[in-house]
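Descriptive structure summary
This is what each chain is made of:
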Amino acid sequence: TTVEGLAENGKLSVIQEAFVGEGAAQCGYCIPGIVIATTGLLAKTPQPNDAEIAEALEKHLCRCGSHMNVIKAIKQVAAEGGASDV
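This write-up is about the structure you can find in this document. Here the structure is a predicted model, which means the values were calculated and not measured.

About the thresholds
Residues numbered from 1 in each chain as written. Predicted model: local features only at pLDDT ≥ 70, side-chain atom pairs only at ≥ 80, totals over all residues. Heavy atoms only, no water. Core = buried A, V, L, I, M, F, W, Y, C linked by side-chain atoms within 4.5 Å. Buried < 20%, exposed > 50% of the residue type's maximum accessible area, 1.4 Å probe, protein only. Helix = DSSP H or I, 4+ residues; strand = E, 2+ residues; numbered from the N terminus. Contact = heavy atoms within 4.5 Å. Polar contact = N/O pair within 3.5 Å; in protein donor to acceptor, adjacent residues only side chain to side chain.

**Thoughts on the nonpolar core**
- Of all hydrophobic cores here, the largest spans 21 residues; its most connected members are Phe 19, Val 35, Leu 57, Val 70 and Ile 74.
- Put simply, the parts of the chain that give this core at least two residues each are helix H1 (14–21), helix H2 (31–44), helix H3 (50–57) and helix H4 (67–79).
- Every residue in contact with Leu 57, bar those within four places of it in the chain, is listed here: Ile 34, Ala 37, Thr 38, His 67, Val 70 and Ile 74.

Printed below as a string of structure tokens:
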């Protein structure tokens, strides 16, 4: 699955929407990989703790510094139960 494949009928996935809402997508360098990693994480672990989030993202480098917004977006999706839509 690609990041483009997560959208359905032109509607972003709940994860993509959360990333946009939290301002996590800035330069676009790392975001596709992080969105895919997040999708996999939340499919496997709908309520991840901080350590599980860190482990899922450890191989992704954020060059623009939006990493804290990425974490906020992940926690938002998990808290809203949106992970069941993954």
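**Quick notes on the side chain of Thr 38**
- Positionally, Thr 38 belongs in helix H2.
- Engagement of the side chain of Thr 38 in a polar contact is seen with the backbone oxygen of Ile 34, the distance being 2.8 Å.
- Among residues more than four places away in sequence, those in contact with Thr 38 are Ile 15, Phe 19, Leu 57 and Ile 74.

Everything listed is a geometric property; what it means functionally is a separate question.
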